[in-house]
Amino acid sequence: MGTQLNKIELIQDYFDELYPEAHCELTYHKDYEFLIAVMFSAQCTDKKVNKVTDVLFSKYKTLNELDLAPIEDIESIIKPLGLYKNKAKNLKGICRGLLENFNGIVPDDKLKLTTLPGVGTKTANVCLIELFKIPAFPVDTHVRRVSNRLGLVSTTDVSKIEIALMKQFPKEKRIKLHHQFIFFGRYYCKALSPNCANCKIRGICKEKCKNL
Ligand code: SF4
């Protein structure tokens, strides 16, 4: 137990040192824009999403306008994202769902959020922490890889990882830590070429580092 506590503190300290200002990199001005941007980000980079949403939300400035927008036009704007037909369909479903069931307001509730098309647990959790500061721990590809490498979990099951990380990290630190895990995975502990030679928490890492 003592070792585990030290490990948790070590990770928190290092992440604070590397990424004191870690934050969500999706740009948005309204809650529904964020929800749609997160849905768009499936299997796609935040950079690409930001480029596309900049055009889309400038053209269709309200939820009602997006709801009425021709799906063919949405498809042509979001084509660079990949899976664009599905994402356009989900966008229309999200607009309809928000307007019909939630008075056009993004709900601060995981179950309600996941009734919307294309919104799974991860997307719902990302909205909860970003929009409502509710300390969930969404697990994306970076969080999954980093938490396994650091020996915090030993599974690829995202639900199990989420529960394990929620247990191990204090509630008040979870939101920031979530962003720090993503920054660390995205820019430092990358899937194919992690920066192991300079990594200060190498001592607790389970990965057989090949880059030393
Ligand atoms: S030692 Fe390498 S694989 Fe392990 S956490 Fe650090 S960067 Fe990632």
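Here's a quick rundown of the structure. Since the model is a prediction, treat every value here as computed from it, not as a measurement.

## A word on the overall build of the protein
Along the protein, the regular secondary structure elements total 11 helices and zero strands. Moving toward the C terminus, one meets the helices and strands of the protein in the order α-α-α-α-α-α-α-α-α-α-α. The C-alpha atoms of the protein give a radius of gyration of 19 Å, which matches the 17 Å a tight globule of 212 residues would have. Expressed as lengths along the three principal axes of its C-alpha atoms, the size of the protein is roughly 55 × 30 × 30 Å. Here the protein holds 212 residues, and 32% of them are scored as buried. Put simply, 56% of the contacts in the protein that link residues at least 6 apart link residues at least 24 apart.

## Concerning the site of the ligand
The environment of the ligand is formed by 13 residues, the closest being C189, P194, C196, C199 and C205. The class makeup of the residues in the shell around the ligand is nine nonpolar, one polar and three charged.

## Structural notes on the nonpolar core
Grouped together as the largest cluster of nonpolar side chains are 49 residues, with contacts concentrated most on L35, I36, F40, I94 and C127. Element by element, the count of residues in this core is highest for helix α2 (residues 31–40), at eight residues. Taken domain by domain, the makeup of this core includes at least three residues from each of domain 1 (2–22 + 136–204) and domain 2 (31–132). The residues contacting I36, other than those within four sequence positions of it, are L91 and I94.

Cut-offs used in this document
Residues numbered from 1 in each chain as written. Predicted model: local features only at pLDDT ≥ 70, side-chain atom pairs only at ≥ 80, totals over all residues. Helix = DSSP H or I, 4+ residues; strand = E, 2+ residues; numbered from the N terminus. Rg over C-alpha atoms; globule rule 2.2 N^0.38 Å. Buried ≥ 20, exposed ≤ 12 C-beta atoms within 10 Å, placed from the backbone. Contact = placed C-beta atoms within 7 Å. Near = placed C-beta within 6 Å. Nonpolar A, V, L, I, M, F, W, Y, C, P; charged D, E, K, R; others polar. Core = buried A, V, L, I, M, F, W, Y, C linked by C-beta atoms within 7 Å. Domains from an automatic or database assignment.

What is shown is where atoms sit, not what they do.
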